[in-house]
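Here is what each chain is made of, one letter per residue.
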Amino acid sequence: MARAVTTRHKITATTAAWVVAFLIFFPILYTILTSFKTEAEAIAGVSLIPSGTFENYVEVQSQRDYFKPFANSVIISVGSTLIALLIGIPAAWSMAFSPTRRTKDVLMWMLSTKMMPAVGVLVPMYLLFRDTGLLDTTSGLTMVLTLINLPIVIWMLYTYFREIPGEILEAARMDGASLFNEIVYVLTPMAVPGIASTMLLNIILAWNEAFWTIRLSAANAAPLTAFIASFSSPQGLFWAKLSAASTLAIAPILIMGWFSQKQLVRGLTFGAVK
Amino acid sequence: MGSITLNKVNKSFGATMVIPEIDLQIDDGEFVVFVGPSGCGKSTLLRLIAGLEDTSSGHITIDGRDVTAEAPAKRGLAMVFQSYALYPHMSVYNNIAFPLKMAGEDKGVIDKKVRDAARILNLTDYLERRPSQLSGGQRQRVAIGRAIVRQPKAFLFDEPLSNLDAALRGTMRLEISELHHQLATTMIYVTHDQVEAMTMADKIVVLNAGRIEQVGSPMDLYRSPRNLFVAGFIGSPRMNFVGGDTAKKLGADTIGVRPEHIEISRTSGEWPGTIGVTEHLGSDTFLHVHSDVAGTITARTSGEFDLHHGEHVFLTPNRGRIHRFDAEGAAIN
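Described below are features of the structure shown in this document. (Residues numbered from 1 in each chain as written. Chains lettered and ligands numbered in written order. Predicted model: local features only at pLDDT ≥ 70, side-chain atom pairs only at ≥ 80, totals over all residues.)

### Some remarks on the sheet that holds strand 14 (residues 271–280) of chain B
Two modes of strand pairing occur in sheets, parallel and antiparallel, and in both the strands are linked by backbone hydrogen bonds. All names here are of chain B. Pairing in this open sheet of five strands is antiparallel, and the strands run 13-17-14-15-16 from one edge to the other. A single partner strand is all that each edge strand has here, and the edge strands are strand 13 (262–265) and strand 16 (295–302). The average undirected angle you get between the axes of adjacent strands in this sheet is 45°. With four bridges connecting them, strand 14 and strand 17 (residues 312–317) associate as antiparallel partners. Bridge assignment links T274 to a residue of strand 17, and that residue is H312. (Pairing = 2+ DSSP bridges. Helix = DSSP H or I, 4+ residues; strand = E, 2+ residues; numbered from the N terminus. Axes fitted to C-alpha atoms, helices over the stretch in contact; angles between N-to-C directions.)

In structure tokens:
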């Protein structure tokens, strides 16, 4: 017997969903609220009503330049994503469409690199960067972000490509399409949603990455993550300014995420629903 | 023209031999059906001809030209897949036009050919739709349309009707046969359904475990199956097989009688038995009779025959229609 969905059920489920969503969103909300408080209010204790001052934003802007780290964030997140796609697409294609007995092992090995704690390789990485002159350069950071996100990019693309039936590609081959035409007219149009959502997710991951970007940059290449961190330094902790800086840092990605949420949800759930 | 010759074609996947070694001649304009149980290698054989799989050894020639090492597109064949394999992001029009675009035809020619194909296949009203907006039968027709616009040397069908319901399957069967008469092009058709094989083929190739068991016209295979496998596979319902003393008396290890070659009587006959299940199809009735002499036998009779579960009957096989097989399963003539 089909389960009857009563109105009470619906209300309970909806309320529960809102509560969970609110709990997840609360830290971000509190950051934004705090950014509109004075420093005194910020350390006074939990309060959801800020006095509504904009002085933190003005302070943050006057103390440090926001646009340089912003530009760096854009360069390294977009740059690393494009390079990861350039490597990931052919890799995922070949694994999805001409798998060998070892393909699964290769995929697992790639994923296993994500299980390693990053701090484990911090020292060798730092030394390598120092000795090759990559320390505090956007190209160095782009390279690191490309490498740490590549396994996820390949995994996502692989799952997506696996959903494209091989028979369609064979049909194209029978219809006289060359490999180039097969990719341009058949494969790419069918894979675009998958590539797009992979790209969006990877930009977000790269944008938010803090461990390597803070440790391998100083002034020149510092992205927004380092910009935030710089507000908890020598002069002491300034919660309200820190919050204002954080809000500024997450705003671009929050806005992008908002507009592309449909694409993102599809990207993250593909393969789950047939 | 579209004659295809397979010469000692062999295919292995790693250590697994799928097709040991096959020789086969397909004449121009013939409708050839590859039939056999699942996993008998019939689809693999079709894909070898298409060029979607490489042969491990042997040669494939089309119209006298060796195409063994050629890419699928160069062989001049068109294929209809079981899943239809339509391009989901293209309209019906563009799906049908795709092979022509790939061949670099100009727009006017493409348009004319696509519209002609659409008219033949009753798709004119659906040209602007996407495949997802079509029914199974319509999708199948689009797949056929995509195949016919190129005027290929031969059509390859890989179980094209198995995703359709029974009624539609019957209609599409007729349509494909009709198309064969219209186009007079070689067609190779793969199926596991012996009814499709019997009704459509000029020539049936019965495959089992990668080997060709027998090649012949539907009626040849029906009348004189070369061995037990073919005898059991061709014909519906299946041929009855009887061993033991009954077969020994006729000088065979096993004898086979088709359900339609058995007479049923209430009073006298060779094999007494009791009626088990009866299946009424309207025009025909199939009786499953349990006999001490011959085991369980299926007999076919006209639909009006009034016999019921548990009644005693006598079965008499038609002498002239008994097939005899030796210990290896080969037919004895």
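### A few points about the sheet that holds strand 4 (residues 57–62) of chain B
Residues and elements named next belong to chain B. The sheet built from four strands is open, its strands ordered 2-1-4-5 with antiparallel pairing. Either end of the sheet is taken by a strand with one partner, and the two such strands are strand 2 (16–26) and strand 5 (65–66). By the bridge criterion, seven bridges tie strand 1 (residues 4–13) to strand 2 in an arrangement that is antiparallel. From the neighbouring strand, K11 faces strand 2, where its bridge partner is I19.

### Topic: the packing of helix 4 (residues 67–97) of chain A against helix 7 (residues 138–162) of chain A
In helix packing, the relevant descriptors are the interaxial angle and the interaxial distance, both defined with respect to the helix axes. All names here are of chain A. At a minimum axis separation of 6 Å, helix 4 and helix 7 run at an interaxial angle of 40°. Classed by the angle they form, the pair helix 4 and helix 7 counts as oblique. The two elements helix 4 and helix 7 cross, and the hand of that crossing is right-handed. (Parallel < 35°, antiparallel > 145°, perpendicular 65-115°, else oblique. Left-handed = near helix turned anticlockwise from the far one by under 90°.)

### Brief notes about helix 5 (residues 166–183) of chain B
Taking 1.5 Å of rise per residue, the 18 residues of helix 5 of chain B would be expected to cover 26 Å, and the 26 Å separating its terminal C-alpha atoms lies within 8% of that figure. Backbone geometry just downstream of helix 5 of chain B places B:A184 in the positive-phi region, at approximately 50°. (Expected span 1.5 Å × (residues − 1).)

Geometry only, nothing functional implied.
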